[in-house]
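Working through the structure, step by step
One letter stands for each residue in the lines below.
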Amino acid sequence: MPTRTVTYDVTPEGVAVLTLTHPPVNALHPEVLQALFRALRQAHADANVKAIVLVGAKDRFSAGFDVSEFAKAQPPDTTINQHFCELLESGPKPSVAAVSGMALGGGLEVAMACNARIATPGAQLGLPELTLGILPGFGGTQRLPRLVGLQKGVQMILTSKPIKSQEGLKAGLVDAVVEPGKLLQTAKQWALDIAAGLRHRPFSLFRTNRLEPLGEASMILDFATAQAEKRAAHLVHPLLCLDAIRTGVQSGGLAGLKAENAAFSKAQTLDQHKALVHIFFAQRSTKRVKGITDAGLKPRSMKKIAVLGGGLMGSGIATASILAGIDVLLKEINQKFLDAGVGRVKANLASRVKKGSMTQQAADSALQRLKGTLDYNDFKSVDLVIEAAVENVKLKQQIFADLEKACSPHTILSTNTSTIDISVVGAKTSCPDRIIGAHFFSPAHIMPLLEIVRTDKTSKQVVLDTLEYGSKIKKTPVVVGNCTGFAVNRVFFPYTQAACMLLDLGLDPYTIDKAIALAFGMPMGPFRLSDLVGADIGMHVGKNFIESFPERVYTPHIILALNEQKRLGEKTGSGFYKFDAKRKASPDAELKPLLEASRKASGLAGIKPPVSSPQDIIEFIFFPVVNEGCRVIAEGIVDKPADLDVATVLAMGFPAYRGGLIKWADLIGPKHVAGRLNAWAKHFEGAKLAGFFKPCDYLAKVAQEGGSLGAGVGPKSSL
Ligand SMILES: CCCCCCCCCCCCC[C@H](O)CC(=O)SCCNC(=O)CCNC(=O)[C@H](O)C(C)(C)COP(=O)(O)OP(=O)(O)OC[C@H]1O[C@@H](n2cnc3c(N)ncnc32)[C@H](O)[C@@H]1OP(=O)(O)O
């Protein structure tokens, strides 16, 4: 049977059951939509058919339009006849959607074009198009507000958050919620009742009873527009979406559909759409690693793990693991530390209960999976150990030597270190094949990225098992090579150094932060980030990079001065900023003498800063990061460039709507990136800083020969 189709079955009672079929989520590929169009025309012409029911194969209605169509060079032609919605809504025979699993995006829009919706409990209903840089394009901007009211409809579309069918029933989106075994029968009966005139046949597109009065509607849309402009200043498509909704409210559903179609076509042309579609697939592709997941190996399930260290990281890792149903042995060196570690796990769970992310009962049962210990007695039974002790090489080496004796020969021995060479950590063991890095980002139970760091001796099975563990604890795992800083911290080391260089060239730190946070879209600028992380940590980590890459580093004097003055940032009440009791940051006039001393010591006096606009600041700080990212690609530290995009978005807050570091560079143009780096290398030659900017061979080659950085160095990346 074709994998993209709509099956057509007519029941003895005269109901045409149309089944959307396109594994795994019944995505609405154009072939499926064309099949739906044909099936509807067939049902309307079939004298045996009184009514129509639409279902999704395998208990999943539809996850919406096939997103892979947006990744193609030639985007889908939105002018193609989309009358299948009109045929569903106002064709000669009534239609009812039988929704199970999920109806998202175009899937919900198709269901809303039906004359009624019957759903199973817990089915997810939503219009997440804005997360892809577009807007609902099958009538959702018009039908959803008319079914649930403008306030609720706008909120659902702008937040992209789905609701469950029970909430949908209350809101007017769903007509009935029934158990799965009764879904099809209820939908068929509902459709026959409409056909027999026993039930009303509403056309969502023309309903107005749920829409707020025009004056109130206008205020709702004005407020939503102001919020969108404030919260997503860089994004155009939410405003295009709101304009289409407004047109429909003011001029009726048909006018609204026309406005929606025009807005959708416009949104499709924007880089943000290309970038977000890239990240959608990139994030789902990190779990596929060449030579590992295609090697015919079967991953072993991690049922019981041990975490060494109950500090901030260890307790976060333990929390993420027990939430995923894994038994955790939390080991500490004394009872006081162990009690503190268990207390942190309890606090993490309590915070989730308080936020409504889980019930108290679920938290209690998760806690049952945590057991504390002060020795290695139970380590024979663990599948994986994650060491999260202090960053001390000798201590870690001794721990791993002890673990090799205490655990079974199959136990994976991993370290959460962010700065120490993984091979060095395992140097005192005789099992390098079982040594791997599991680098979490703080807080470990919340940050979504897990860097899985393999050495050249780590076995494929161990990498595969750790990937499986990462997915099981709902992380996005990215497999990276063993180098200073691995992938994320390595590509970002020039970030702070370039920012400090601008400081020493005379720029104001707060101007730089504004450019990076407000103009570019990072969660915060480099100096605010330094105050969050701590100048002491920054100096410690910076030393690693200065030792590893001496030919391309800038030693920021200001960081040393901040440490000497104990101005470490938030934790000491001042750093680049000063902090009030609620840790609210504000510029600090007392920083001025430190800045002047740093500028004097920098040797950059007299060099004109080669930046004059926020865009210049953005490029001066991020292009060296792109350059280091290109080295990481060329050295094979990442399996594919798209993995680096995902890592920068998830770990550093690089804006997803820019596609991640490498996609962003490709959208800007490798030639422009290399050109500016070469110009700065020349500009700073006298200060012996040319090496900090000189484009690496990979970037220079792509810039000269054309092509994309995202293509990678090996066989063409699929992304
Ligand atoms: C008559 C002729 C008509 C011709 C018409 C042509 C018109 C062209 C104009 C288009 C107008 C479109 C209008 C519409 O409003 C636009 C949309 O619908 S955009 C899509 C909106 N939907 C989404 O954003 C949902 C995305 N998916 C998810 O949120 C999740 O996948 C999920 C569905 C909640 C499931 O989550 P999980 O269980 O965690 O699974 P995964 O996320 O890993 O997904 C599994 C697998 O499925 C792939 N996939 C999921 N959703 C889609 C999708 N919508 N399209 C394509 N593929 C999808 C995903 O990539 C995974 O694949 P794998 O990694 O396993 O290969």
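What you are looking at is a predicted structure, and each value in this text was computed from that prediction instead of being measured.

1. Digging into unusual backbone geometry
For the peptide bond that leads from Pro23 to Pro24, omega is 5°, which places it in the cis range. Structurally, Pro24 is set in the loop between strand S2 (15–21) and helix H1 (30–45). A cis amide bond links Ser442 with the next residue in sequence, Pro443, at an omega value of -5°. With respect to the secondary-structure elements, Pro443 resides in the loop between strand S15 (435–440) and strand S16 (449–454). Located in the positive-phi region is Lys58, a residue other than glycine, with phi close to 55°. By the element assignment, Lys58 lies in the loop between strand S3 (51–56) and helix H2 (84–90).

2. Focus: the sheet that holds S3
Backbone hydrogen bonds hold the strands of a sheet together, and the pairing may be parallel or antiparallel. What the six strands build is an open sheet, ordered S1-S2-S3-S4-S6-S9; its pairing is mixed. In the strand order of this sheet, the two ends are held by strand S1 (5–10) and strand S9 (176–177), each with one partner. Of the strand pairs in this sheet, S2 and S3 are connected by six bridges, and their pairing is parallel. Note on S3: the bridge partner recorded for Thr19 is Val55.

3. Describing the UniProt feature "domain: 3-hydroxyacyl-CoA dehydrogenase C-terminal" (unreviewed entry) in the chain
Residues annotated in UniProt with the feature "domain: 3-hydroxyacyl-CoA dehydrogenase C-terminal" (unreviewed entry) correspond here to residues 485–578. Secondary structure within residues 485–578 divides into 62% helix and 2% strand; the distance between the first and last C-alpha atoms comes to 29 Å.

4. As for a nonpolar patch on the surface
On the surface, a cluster of nonpolar side chains totalling about 240 Å² of accessible area is made up of Leu532, Val533 and Ile537. Judged by relative accessible area, which is 45%, Leu532 ranks as partly exposed.

5. Quick look at the packing of aromatic side chains
The tally for this structure, following the rule as stated, stands at 28 aromatic pairs. Here the aromatic rings of Phe620 and Phe693 are separated by 5.3 Å at their centres, their planes lie at 55°, and the arrangement is tilted. Here the residue Phe620 occupies a position in helix H25 (residues 614–634), and Phe693 occupies one in helix H29 (residues 690–693), the gap between them amounting to 73 residues. In this structure Phe620 comes out as buried when scored by relative accessible area, which is 0%. Relative to Phe654, the ring of Phe622 lies with its centre 5.5 Å away and its plane at 85°, an arrangement referred to as edge-to-face. Residue Phe622 is located in helix H25, and its partner Phe654 is located in the loop between helix H26 (641–652) and helix H27 (661–668); the two are separated by 32 residues in the primary sequence. Residue Phe622 is classed as buried on the basis of its relative accessible area of 0%. A network of ring pairs unites the aromatic residues Phe492, Tyr495, Phe520, Phe620, Phe622, Phe623, Phe654, Trp664, Trp680, Phe684, Phe692 and Phe693 as a single cluster. Taking the ring centre of Phe520 as reference, the NZ or CZ of Arg658 above it sits at 4.4 Å.

6. Brief notes about the site of the ligand
Neighbouring the ligand are 34 residues; Ala63, Phe65, Gly106, Glu109 and Glu129 lie closest to it. Here an oxygen atom of the ligand sits 2.5 Å away from a polar atom, N or O, in the side chain of Glu109. Within the side chain of Arg284, one N or O atom sits 2.9 Å away from an oxygen atom of the ligand. For the ligand, whose unbound accessible area comes to 1300 Å², protein coverage reaches 80%. Counting residues per element, the ones that place at least two in the shell around the ligand are H1, strand S5 (102–104), helix H3 (106–113) and helix H11 (271–285). For the shell around the ligand, the leading source of residues is H11, giving three residues.

7. Some words on helix H23 (residues 557–564)
Of the residues making up H23, those classed as buried are Ile558, Ile559, Ala561, Leu562 and Asn563. Elements that come into contact with the buried residues of H23 comprise helix H19 (493–504), helix H21 (526–533), helix H22 (535–548) and helix H24 (592–602). Once H23 ends, the next one or two residues include Lys566, with phi positive near 55°.

8. Description of the pairing of strand S11 (residues 327–331)
Of all five residues that make up S11, four are buried, and the element is covered over most of its length. Remark: the strand S10 (residues 304–308)/helix H12 (residues 312–323)/S11 crossover connection has right-handed handedness. In the sheet, S11 pairs with strand S12 (residues 370–373) via four bridges, with the strands oriented parallel. Note that in S12 the partner of Leu330 across the bridge is Gly372.

9. Focus: the confidence of the model for the chain
On average, residues of the chain score 94 in pLDDT, and 98% of them reach the 70 mark or higher. For this predicted complex, the interface score ipTM comes out at 0.97, while the overall pTM is 0.93.

10. What about the UniProt feature "domain: 3-hydroxyacyl-CoA dehydrogenase NAD binding" (unreviewed entry) in the chain?
Under the present numbering, the feature "domain: 3-hydroxyacyl-CoA dehydrogenase NAD binding" (unreviewed entry) in UniProt falls on residues 304–482. Helix makes up 40% of residues 304–482 and strand 22%, with an end-to-end C-alpha separation of 26 Å.

11. What about the state of the cysteines?
A complete count under the given rule lists zero disulfides for this structure. With no disulfide partner, Cys241 has as its closest neighbouring cysteine sulfur the one in Cys85, 16 Å distant. What makes Cys241 buried here is its relative accessible area of 0%. Just so you know, Cys696 is unpaired, no disulfide at all, and the nearest cysteine sulfur is the one on Cys630, 4.9 Å from it. What makes Cys696 buried here is its relative accessible area of 8%.

What counts and what doesn't
- Residues numbered from 1 in each chain as written.
- Predicted model: local features only at pLDDT ≥ 70, side-chain atom pairs only at ≥ 80, totals over all residues.
- Heavy atoms only, no water.
- Helix = DSSP H or I, 4+ residues; strand = E, 2+ residues; numbered from the N terminus.
- Pairing = 2+ DSSP bridges.
- UniProt positions renumbered as here; feature names shortened; annotations may be inferred.
- Patch = residues over 30% accessible without salt bridge, like charges linked within 9 Å, V, L, I, M, F, W, Y side chains within 5 Å.
- Areas by Shrake-Rupley, 256 points an atom, 1.4 Å probe, with all protein chains shown as cover.
- Salt bridge = Lys/Arg side-chain N within 4 Å of Asp/Glu carboxyl O.
- Buried < 20%, exposed > 50% of the residue type's maximum accessible area, 1.4 Å probe, protein only.
- Phe/Tyr/Trp six-rings, centres within 6.5 Å; stacked < 30°, edge-to-face > 60°.
- Lys NZ or Arg CZ within 6 Å of the ring centre and 35° of its normal.
- Near = heavy atom within 4 Å.
- Polar contact = N/O pair within 3.5 Å; in protein donor to acceptor, adjacent residues only side chain to side chain.
- Contact = heavy atoms within 4.5 Å.
- Right-handed = clockwise from strand over helix to strand, strands pointing away.
- pLDDT = per-residue confidence, 0-100.
- Disulfide = S-S within 2.5 Å.

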